[in-house]
Amino acid sequence: MTTKKAGAMKKGILERLEAGEVVIGDGGYVIALERRGYVTAGHWTPEAAVEHPEAVRQIHREFLRAGANVIQTFTFYSSDDKLELSGSVTNITGQQINEAACDLAREVANEGDALVAGGVSQTPLYKDSSNESEVKAIFKKQLDVFVKKNVDFLIVEYFEHVAEAEWAVQVLKTSGKPVAASLCISPEGDIDGVSPGDCAVRLVKAGAQIVGINCHLDPLTCVRTVKLMKEGLEAAKLKAHLMVQPLGFHTPECNHTGYLSLPEFPFALEARAMTRWDMQKYAREAYKVGIRYIGGCCGFEPYHIRALAEELAPERGFLPPASDKHAMWGKNLALHPKPWVRARAQRGFWENLLPASGRPKCPSMATPEDTPAT
């Protein structure tokens, strides 16, 4: 199997999904860039697109090389109300950030067979006032930049309230571009108690052509939630493509609010990081459920995205460029000078491994905070 290089004219997101292709999304940006020293934790705003474009460009490039078919603009929490609330952005406007993020994403996407997705996320204003016209005006302001920069499609992501996500879909749909909508909810439903199935139905009726889940919980939990969304759509006799972009962390004990309720959030999550083999299992499970847009969110590093692309290489017909430096299932270890390491050059070893934490005093589970719904 060969690696795939940049090719001819790119097919659109819906064209790919309708043809049954597997679309690999990119990974998480705010946590990855916070760890690298370019994002302020707590605020999680994307001014690095203006202040440190080289950092954003590089991580885009690494996700592309790992196999991503979509490069999302680094516009998470880039609405003016969030930027003002954070207090960390005083001399840069939301429009400047959004425009810079679009330019960076397009530059890198053009280096391969990737599409640019402009993304909007939940707003502080919704929780403060739930004023529909004011919230929609925020999304419209961001949309104007995405239209100006001619992104390939749009993503409504990281919404805890399906009602706000519906408003975002309605606004973005006016562009005429394909719209995907992903919620950061659990199998229990959104913050207001709306079930995953009903959430999916509402998003499709609002105009989304792709629906799913992102962030907050681990991959297999998110896949389970998307499966519930799929069942809701089938019961309502509605059709949509499915997507999933979960956390790159293990969160088995998380409650309704996800990893935000873990005591390790956000500065001690390393012990929960998923291995590349965990990611291959996730990719396969997502594919079996019928999800064809498969990517990652917070905690996903480029090697995680490569693992998704490698697991689904038989279906896609090619490997990503980064696989030039990585043999499947550790086969490159066959040349290691130590015999016990050479013995690990096989799928069975890695597939059955139960990694140790190396932390004798640490419990296997934490007690999530009893966080009230907001």
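For the structure, see preceding data.
Analysis parameters
Residues numbered from 1 in each chain as written. Predicted model: local features only at pLDDT ≥ 70, side-chain atom pairs only at ≥ 80, totals over all residues. Heavy atoms only, no water. Axes fitted to C-alpha atoms, helices over the stretch in contact; angles between N-to-C directions. Helix = DSSP H or I, 4+ residues; strand = E, 2+ residues; numbered from the N terminus. Parallel < 35°, antiparallel > 145°, perpendicular 65-115°, else oblique. Left-handed = near helix turned anticlockwise from the far one by under 90°. Contact = heavy atoms within 4.5 Å. Nonpolar A, V, L, I, M, F, W, Y, C, P; charged D, E, K, R; others polar. Buried < 20%, exposed > 50% of the residue type's maximum accessible area, 1.4 Å probe, protein only. Pairing = 2+ DSSP bridges. Right-handed = clockwise from strand over helix to strand, strands pointing away. Phe/Tyr/Trp six-rings, centres within 6.5 Å; stacked < 30°, edge-to-face > 60°. Expected span 1.5 Å × (residues − 1).

*Asks:* Where do I start with the packing of helix H10 (residues 196–206) against helix H11 (residues 219–235) in this structure?
*Replies:* What describes two packed helices is the angle between their axes and the distance between those same axes. H11 packs onto H10 with a crossing angle of 60° between their chain directions and a minimal axis gap of 7 Å. The orientation of H10 with respect to H11, classified from their angle, is oblique. For the element pair H10 and H11, the recorded crossing hand is right-handed. Seen from H10, the contacting residues are Pro196, Gly197, Ala200, Val201, Leu203 and Val204; seen from H11, they are Thr225, Leu228, Met229, Gly232 and Leu233. Considering only residue class, the contact of H10 with H11 consists of eight nonpolar, three polar and no charged.

*Asks:* Looking at this structure, how should I read the pairing of strand E7 (residues 241–245)?
*Replies:* Residues in a regular strand project their side chains so that they alternate between the two faces of the sheet. The element E7 is largely enclosed, with a buried count of four among its five residues. Both E7 and strand E8 (residues 293–294) contribute to a ladder of two bridges, which runs parallel. In the sheet register, valine 244 faces E8, and the bridge partner there is isoleucine 294. Note on the crossover from E7 through helix H12 (residues 276–289) to E8: the handedness is right-handed.

*Asks:* Even after reading the chapter, I still don't get the side chain of threonine 123, so can you show me in this structure?
*Replies:* As for its placement among the helices and strands, threonine 123 is situated in the loop between strand E3 (115–120) and helix H7 (124–129). Note on threonine 123: relative accessible area 2%, which makes it buried. When neighbours within four sequence positions are excluded, threonine 123 is seen to be in contact with Ser79, Asp81, Val135, Ile138, Phe139 and Glu164.

*Asks:* Hey, could you run me through the packing of aromatic side chains in this one?
*Replies:* Two descriptors summarise a pair of aromatic rings, namely the distance from one centre to the other and the angle between the planes of the rings. Taken as a whole and assessed by the stated rule, the structure comprises 15 aromatic pairs. Pairing tyrosine 29 with phenylalanine 74 gives two aromatic rings, centres 5.9 Å apart and planes at 40°, and the pair type is tilted. Remark: phenylalanine 74 occurs in the loop between strand E2 (70–72) and helix H5 (80–86) and tyrosine 29 occurs in the loop between strand E1 (23–24) and helix H2 (30–35); sequence separation between them is 45 residues. Overall, tyrosine 29 belongs to the buried group, its relative accessible area being 8%. For phenylalanine 74, a relative accessible area of 2% corresponds to the buried category.

*Asks:* Help me understand H12 in this model?
*Replies:* Quick reminder: α-helices carry 3.6 residues per turn. Residues three or four places apart thus point the same way. The terminal C-alpha atoms of H12, which comprises 14 residues, lie 20 Å apart, in line with the 20 Å expected from a rise of 1.5 Å per residue. If you check which residues of H12 are buried, you get Trp277, Met279, Gln280, Tyr282, Ala283, Ala286 and Val289. Buried-residue contacts for H12 involve H11, E7, E8, helix H13 (302–311) and helix H16 (347–351). The positive-phi residue at the C-terminal boundary of H12 is glycine 290, with phi of around 110°.

*Asks:* It is not clear to me how the sheet that holds E2 should be interpreted in this structure. Could you clarify?
*Replies:* Strand order across the open sheet formed by eight strands is E1-E8-E7-E6-E5-E4-E3-E2, with parallel pairing between neighbours. Each edge of the open sheet is held by one strand with a lone partner, namely E1 and E2. The sheet contact formed by strand E6 (residues 210–214) and E7 spans five bridges and is parallel. Bridged to valine 211 within E7 is leucine 242.

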